[in-house]
Structure formats: C-alpha cells, structure tokens
Amino acid sequence: MAEVSIKGLHKAFGDVQILKGIELNIADGEFVSLVGPSGCGKSTLLRIIAGLEEESEGSISINNEPVSGIRASDRNLSMVFQSYALYPHLSVAENIAVPLQMRNLNGWQRLPLVGRFMSGAKARTQEITAAVMEAAQTLEIEALLKRKPGELSGGQRQRVALGRALVRKPAAFLLDEPLSNLDAKLRVHTRTEIAELHRKLGATFIYVTHDQVEAMTMSDRIAVMMGGEILQCAPPQIVYSDPNDLRVAEFIGSPKINVLPVEAGDEGRLSLMGRSLPLLAGSLRGPLQMALRPEMLTLSMVDPMLKGRVVHLEHLGSELFAQIVIEDLGVRLVIRADPAKYEALKPDLHVGMNFDPNAALFFDANGKRIRQVVPAKQLAEAV
Amino acid sequence: MTRIGEFFKHALLLLGAFIVIVPFYQMVSYSLKSPAEIERGIGGFMGSQALMIDERCVGSNTPDRVDVEAARTDYPSLSDSDILGALLEKVREDCKVRPAIFNYRSAFKEAPLMRYLLNGLIVTGSIFLLQVIVALPAAYALSKLKFWGRETVFGLVLFCLLIPVHAIALPLYIGLAKLGLINTYAALIIPWTISVFGIFLMRQFFMTVPDELIDAARMDGMGELNIVWRVMLPTAVPALMAFAIFSVVAHWNDYFWPRMVVTGDRSLFTPPLGLREFKADIDGSLYGPMMATATVIVTPLIVAFLLAQKKFIEGITLSGMK
C-alpha cells in the first residue's frame with residue numbers, strides 16, 4: 001500500500017524534452033489513469049515511477065521515501081505490460097512464481113536441480129506454491145497453471161500477467177496499456193475485472209492508456225497529459241464536464257466536443273456568427289472559442305441559433321450521431337439526436353440547432369478555460 | 001513451362017546433393033574394402049568381403065626358433081624349415097580376416113581412437129561451454145544495455161570477425177609456449193573461448209527479444225546477470241543451437257590448431273590427428289583403416305545432427321522465438 005508523490009519531474013532524451021515539470025500526488029489505494037495521445041510522455045512517466053528509466057530532474061517519493069537511484073527491482077512495485085511480457089519458456093505457474101522466487105529464495109535455493117535440497121528451500125517453496133494458487137484463484141486461472149504462455153489466448157495471458165503482478169502484494173501496481181492488445185469485447189470485460197480487482201485489493205493503481213473510455217470507466221482520477229505536461233488531474237466526471245483546457249475537452253469524450261468561434265464585443269457581450277448570445281465575458285474582448293458537447297445541441301426548427309446541412313449519420317442503436325456542416329463557418333458539428341429521428345434525417349437535409357448558452361464552455365484563443373462568462377441580465381436584441 | 005522449371009530446379013539440386021555425397025560414399029566404401037580392391041578400384045560399394053591376410057598380424061606372430069623347438073613334438077617327422085613353413089601357414093590361416101573388420105579393427109587398435117574421440121568431446125564441449133559463458137553476457141550488454149562506447153565495442157566485434165585465425169596462430173602459439181601450456185588441453189581450448197562470431201550471432205538474436213520482457217524481469221526482482229541466465233538463455237535456445245553447430249563442427253574437425261599445439265603427446269590427440277596414424281609410410285598407404293578412422297570421426301556429428309535435426313534447422317532460421 002503506498003502513496004506516490006511526484007515533484008517537478010523533468011525528463012529529456014538528448015535535446016528532446018519528454019516530461020516538463022510533472023506534479024502529481026497519488027493517495028494510498030487510489031486508481032489514477034494517465035491518459036493522453038501517443039507521444040505525450042505518459043509511458044515514460046510510468047517507467048520513471050517504476051525505476052526502469054531515470055529522471056533528469058525532480059523527485060519521486062513512495063510512502064514519503066524518495067526513490068531516486070533505487071533500482072526497479074527494489075522499489076516493490078509491480079508492472080503489467082502491453083505485450084504481457086511473460087517468460088515464454090516457463091509455465092503459467094512458474095511465471096507467476098518468479099517474483100516470489102527472486103525475493104524469498106537466496107541464490108543457492110534458486111539453483112536448478114540442486115536448489116530444492118538447500119536448507120530452508122522446501123518450506124519457502126511450499127509458501128510460494130500456496131501464494132501462486134491463491135493468485136490463480138483470484139484470477140480464475142487455476143486450470144491454466146501447467147500451460148506455457150504460447151498456448152494461451154490474449155485474454156488468458158493478460159490474466160497471467162496480472163497474476164504475476166499481484167502475487168507478491170506490491171506497494172503499487174503500474175499498468176502500461178494492458179488492454180490494448182485485446183479485442184474490443186474482451187477489453188470491455190477485462191476493464192470491469194481490473195476495476196473490481198482494484199476494489200478487492202485496495203491497492204494503489206497507476207494506469208496508462210491512450211483510450212479515454214478506459215480512463216473514464218475505471219479511475220478515481222484521470223490525469224490528462226499532453227506534450228509532457230499534466231493538463232488536468234481530476235475525477236472523470238469533472239474532467240468531462242469542467243475541463244481546464246480545450247485540449248482536455250477535445251481529448252475526453254466521444255464523439256469529440258464541438259468548437260465554434262465566438263466574439264466578445266463591447267461590454268464583453270458575446271456573439272456567435274454576428275448573433276448575440278445572452279452572455280457576458282467580463283473584461284475579455286476579441287475572438288474566443290465556445291465548446292459544446294454533442295448532447296448539448298438539439299435539433300430545432302424554431303428560431304435556430306445554428307443552421308447547417310446534414311452530411312453523415314451514425315446510428316449506434318441506442319443513440320444517433322449526426323454530422324452537420326455549418327457552411328458559413330466551414331465547421332463540422334456532431335450532435336446527438338434521438339435515434340427515432342433517423343428516418344427523418346437524411347444527408348443534405350438542412351436543419352436548425354439550438355443549445356443552452358449557459359451550459360456552453362468557453363476558452364480563450366490559446367485554449368485556456370474562461371470561467372468569467374456569466375449570463376446577461378436580459379436577452380439581447382438581434383443585431 | 002513451370003514443369004520444365006521444376007525439372008531444372010530438381011536436376012540442379014540433385015546434382016548438388018550428388019557432389020556433396022560422393023566423397024562420403026567413397027569414404028565409407030573404402031573403409032569396407034580390402035587394399036587390393038581399393039587399389040584396383042573394383043568391388044563396388046561393399047567389396048567382395050573375401051577373407052584377406054592381415055600382414056601386420058602375420059608380421060607380429062612370425063614363428064621364431066623357440067616356436068619351432070616347441071612345435072617339434074607336433075611334427076615329429078619334419079625338418080626345421082618345414083616346421084617353420086607349417087607354423088607360418090598356420091599363423092597365416094589364423095590371421096585371415098574380412099576386410100571391413102580388418103579396417104575398423106586397425107582403426108581402433110593401431111590408433112587409440114576411443115581416446116581421440118574422448119579428447120574431441122572434452123575439447124569441443126569445453127570450448128562451446130566457455131564460448132557461451134563469454135558470449136551471452138557480452139551479447140546481452142551489446143544489445144540491451146546503454147553504455148558509453150557501445151557502438152564502438154560492437155564495431156570492434158565486427159572487425160574481429162574479419163581476422164583469419166591462421167594470421168594470429170603464430171603469436172598465439174608463442175604466447176602459449178611462454179606460459180608452458182603447449183601439449184595441454186588448455187592450449188587446445190583457451191584460444192577459442194572468446195568467439196566474436198558467437199557474440200555477434202547472439203547479439204543479433206537478442207535484438208529481437210522484446211525490451212518489455214527484460215523490464216518485466218527487472219520488475220520481478222532480477223539483476224542483470226540473473227536476466228542473462230534465467231531469461232535470455234532460455235529464450236535464445238534456438239540461436240544457441242545454431243551457434244553450437246558452427247562451434248562444435250569447426251572444432252571437432254579442426255586439424256590445423258591441434259597439429260600446432262599438440263606435438264607428440266598422443267594422449268592429447270583430437271580425432272582428426274588420428275588420421276595421421278595411417279599416413280603413407282614404408283608399408284604403403286593403408287587407405288582402408290584410414291577411411292575407417294575418418295568414418296568413425298564424422299559419425300558422431302552426423303548422428304547428433306540427425307537426432308536433433310528439427311531443433312537445428314529451427315535454430316538456423318531463428319524462427320523458434322515467435
């Protein structure tokens with residue numbers, strides 16, 4: 001069980017800055033996801049926590065003990081890899097036993113053939129066998145213990161890798177995209193299992209993924225990383241509904257959030273395509289960005305704020321997404337519509353859309369969130 | 001068109017196989033035939049296997065004065081010279097033998113062939129073991145560890161591949177002589193313990209081992225040497241098999257180096273040196289026993305290859321990993 005605290009962490013490979021001042025505190029028993037597009041440094045951060053990579057600057061503490069310079073093998077962390085990284089020559093049981101053998105047996109007791117006759121080896125080996133059985137039962141892989149990794153399916157290998165990680169009860173689990181080699185169905189299933197495992201073990205989990213759905217569904221907190229920085233670290237619902245940065249808003253949520261240009265005019269009055277919105281942006285002037293989630297937009301023929309042409313429809317069964325191009329702006333919007341309207345909507349159909357201006361999110365030209373936008377007292381007249 | 005193409009392909013392959021097999025056929029054939037058949041080139045593969053007289057056997061059992069005296073009671077009516085003739089006739093009769101048996105018996109009797117084979121086993125085995133002990137950690141470091149000057153070191157390894165053994169044989173010999181190691185097993189083994197070819201081959205193989213496997217081993221608590229022996233060695237078995245073929249065949253068959261450092265002490269002879277026992281001398285050439293020796297020398301390699309054929313081919317194509 002462990003708290004992990006990261007302060008001012010920098011990492012550079014040659015001249016390339018991979019991590020630029022990471023600050024992150026992870027509480028004991030917390031499930032934190034590091035999520036971001038590829039190349040954002042999330043895997044590097046995890047590898048530095050693990051001790052597989054050395055930081056250029058800054059410090060990491062586990063349970064308030066700085067771990068800089070301590071080897072990966074001595075940090076008491078477990079890691080699950082994307083490729084599972086099982087030892088191909090060992091059976092499932094032997095794979096799971098390796099971390100215990102390395103820690104609980106001495107060099108003589110580990111020797112092949114003669115090792116079992118060393119003093120104390122028998123009792124320790126029995127403990128290890130018992131621990132392996134327990135781990136296998138937790139993951140329901142008792143039937144596979146005698147097989148080699150080559151004879152297992154992707155999902156089974158995944159469980160063995162988890163078993164190898166949890167068998168020695170580490171301070172924290174580090175998971176590096178453990179689901180990305182599984183097919184879609186199995187991924188959804190294993191996602192739930194990992195979340196349940198976390199609740200059962202109550203251990204600290206640090207989970208790296210590029211898939212925002214995984215991060216949203218499993219984590220206590222999500223750290224959204226981009227360009228070597230953590231843009232926001234908050235619970236999933238906060239990251240979704242109250243993002244700090246346009247990049248966070250765009251990365252989290254599927255389909256992607258819609259962005260429209262708005263203008264802050266005299267007295268901070270906001271307008272969209274020359275049409276006034278009942279909102280004031282305080283002291284801000286000039287061009288801003290307004291972001292609307294697909295579910296914030298509704299189809300409306302009565303005095304629509306936006307007019308566009310349907311270009312594509314995606315029917316997902318329980319929901320319907322329509323892509324609508326606003327020709328005046330050259331912007332394509334995605335809106336979530338009632339699936340019942342599928343018959344009524346056709347490509348090339350001209351439609352109108354409305355939204356609740358008070359729910360919209362505003363960002364400045366650099367993508368920083370603007371929180372001083374407030375509703376105007378009375379509705380503005382059309383200009 | 002394709003049928004003609006196939007025909008030529010097979011014809012070419014058959015020709016190649018024929019060229020490779022002919023010397024072996026000749027070797028086995030000679031090892032079975034009598035000297036007369038070999039010289040006249042008759043008798044097909046097996047020869048007639050007619051009884052022949054082993055002249056060496058006759059030579060070492062020729063009756064002398066004492067034998068004649070002892071035999072006088074058996075031949076009461078004959079003169080000494082006739083007794084001698086009769087005894088000689090008897091010895092010649094006793095020394096009659098089938099050519100194949102003669103050849104193989106001489107191979108084992110004239111030369112202590114079992115001893116040579118044992119030496120071959122000790123020398124090639126030790127060389128291979130030491131080469132692996134040196135090459136695996138070196139290859140691991142060159143492929144998976146980051147350190148200053150790694151590329152330079154690897155460049156030197158490649159450079160060493162270009163140095164022919166014979167070019168440095170003399171300095172090696174002098175060095176060993178100064179250390180007083182000539183005519184020891186050490187002289188046969190030590191110069192070959194560092195195989196740059198082995199380092200190169202294993203390095204290329206280790207490059208294909210995923211880094212995550214090594215990271216996983218580190219997370220599981222293994223140190224670097226543990227990783228080499230507990231993770232890299234088992235995954236590299238196919239590549240090691242390929243290296244074993246090159247190493248064992250090269251040193252089992254090596255004539256040049258043992259000839260240099262083993263001077264006279266026959267108990268250190270390796271199998272190829274055993275062939276020298278039958279080199280042409282005053283008795284004329286003893287092709288039969290010589291070819292029998294050669295057959296005995298190559299047999300262990302061929303048997304080992306046939307037994308482990310599948311693994312070897314797996315190793316050479318390096319496809320056993322994925």
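Here is what the cut-offs are and how they apply
Residues numbered from 1 in each chain as written. Chains lettered and ligands numbered in written order. Predicted model: local features only at pLDDT ≥ 70, side-chain atom pairs only at ≥ 80, totals over all residues. Heavy atoms only, no water. Helix = DSSP H or I, 4+ residues; strand = E, 2+ residues; numbered from the N terminus. Buried < 20%, exposed > 50% of the residue type's maximum accessible area, 1.4 Å probe, protein only. Areas by Shrake-Rupley, 256 points an atom, 1.4 Å probe, with all protein chains shown as cover. Lys, Arg positive; Asp, Glu negative; His and termini not counted. Charge placed at Lys NZ, Arg CZ, Asp CG, Glu CD. UniProt positions renumbered as here; feature names shortened; annotations may be inferred. Contact = heavy atoms within 4.5 Å. Buried area = accessible area lost by both parts, 1.4 Å probe. Salt bridge = Lys/Arg side-chain N within 4 Å of Asp/Glu carboxyl O. Polar contact = N/O pair within 3.5 Å; in protein donor to acceptor, adjacent residues only side chain to side chain. Nonpolar A, V, L, I, M, F, W, Y, C, P; charged D, E, K, R; others polar. Pairing = 2+ DSSP bridges. Axes fitted to C-alpha atoms, helices over the stretch in contact; angles between N-to-C directions. Domains from an automatic or database assignment.

Undergrad: Could you give an account of the overall build of chain A, with specific residues and numbers?
TA: Across its full length, chain A holds eight helices and 22 strands. Each principal axis of the C-alpha atoms in chain A carries an extent, and together these give about 90 × 50 × 35 Å. By the burial criterion, 50% of the 383 residues in chain A qualify as buried. For chain A, the accessible area works out to roughly 18,200 Å², and carbon and sulfur atoms hold 51% of it. One finds the centroid of the 42 positive side-chain charges in chain A at a distance of 6 Å from the centroid of its 44 negative side-chain charges.

Undergrad: Explain the UniProt feature "transmembrane region" (unreviewed entry) in chain B residue by residue, including any values.
TA: The sites that carry the UniProt feature "transmembrane region" (unreviewed entry) are, in the present numbering, residues 7-25, 116-141, 153-176, 182-206, 227-252 and 286-308 of chain B. The span residues 116-141 of chain B carries 100% helix and 0% strand; its end-to-end C-alpha distance comes to 38 Å.

Undergrad: Mind laying out the interface of chain A and chain B, listing which residues take part and the relevant values?
TA: On the side of chain B, 16 residues touch chain A, which itself brings 27 residues to the contact. Summing both sides of the interface, chain A and chain B together bury roughly 1,800 Å²; the carbon and sulfur share of this comes to 58%. For the chain A face of the interface with chain B, the top three residues by lost area are A:Tyr87, A:His89 and A:Met102, together amounting to 30%. Viewed at the interface, chain B and chain A are joined by two salt bridges. Applying the counting criterion to the chain A and chain B interface returns six residue pairs in polar contact (both at pLDDT 80 or more). Looking at the side of chain A that touches chain B, the elements with two or more residues in it are helix H1 (42-50), strand E6 (77-80) and helix H2 (92-104) of chain A. Ranked by the residues each element gives to the side of chain A that touches chain B, the list is headed by H2(A), at five residues. Considered class by class, the residues forming the side of chain A that touches chain B number 15 nonpolar, six polar and six charged.

Undergrad: Lay out the UniProt feature "domain: ABC transporter" (unreviewed entry) in chain A in plain terms, naming residues and giving numbers.
TA: Under the UniProt annotation, "domain: ABC transporter" (unreviewed entry) lies at residues 4-252 of chain A. End C-alpha to end C-alpha, residues 4-252 of chain A measures 25 Å, and it is 37% helix and 24% strand.

Undergrad: Lay out the sheet that holds strand E9 (residues 221-226) of chain A in plain terms, naming residues and giving numbers.
TA: Residue and element names in this part refer to chain A. Read from one edge of the open sheet, six strands run E6-E7-E8-E3-E9-E10, paired in mixed fashion. Each of the sheet's edge strands pairs with one partner strand only, and the pair in question is E6 and strand E10 (229-234). Each adjacent strand pair in this sheet contributes to an overall mean axis angle of 15°, direction not counted. In this sheet, E10 lies alongside E9 in antiparallel orientation, the contact comprising five bridges. What sits directly across from Ile222, in E10, is Ala234. The sheet contacts of helix H4 (residues 154-166) involve E6 and strand E7 (172-176), and relative to E6 the element is tilted by about 175°.

Undergrad: Kindly report on the domain arrangement of chain A, identifying the contributing residues and their values.
TA: All names here are of chain A. The domains assigned to chain A are domain 1 (4-247) and domain 2 (255-375). Domain 1 puts eight residues into the contact, and the matching count from domain 2 is eleven residues. Carbon and sulfur atoms supply 44% of the area that domain 1 and domain 2 bury against each other, a total of about 850 Å² over both sides. Of all residues in domain 1, Tyr240, Pro243 and Leu246 give up the largest surface area on contact with domain 2, accounting jointly for 62% of the area buried on that side. Applying the counting rule to domain 1 against domain 2 returns three salt bridges.

Undergrad: Help me get a handle on the sheet that holds strand E4 (residues 57-62) of chain A, residues and values and all.
TA: Residues and elements named next belong to chain A. Strand order across the open sheet formed by four strands is E2-E1-E4-E5, with antiparallel pairing between neighbours. Among the strands making up the open sheet, the edge pair consists of strand E2 (16-26) and strand E5 (65-66). Contacts from H1 reach strand E1 (4-13), E2 and E4 within the one sheet, and its direction differs from that of E1 by about 115°.

Undergrad: Tell me about the side chain of B:Arg203, and please be specific about residues and values.
TA: Residues and elements named next belong to chain B. Looking at where Arg203 falls in the secondary structure, it is placed in helix H11 (residues 196-207). An unpaired buried charge is present at Arg203: no salt bridge exists, and Glu151, the closest side chain of opposite charge, is 4.8 Å distant. At 2.6 Å, the side chain of Arg203 forms a polar contact with the side chain of Gln204. Those residues in contact with Arg203 that lie beyond four places of it in its chain are Ala139, Leu142, Ser143 and Phe154.

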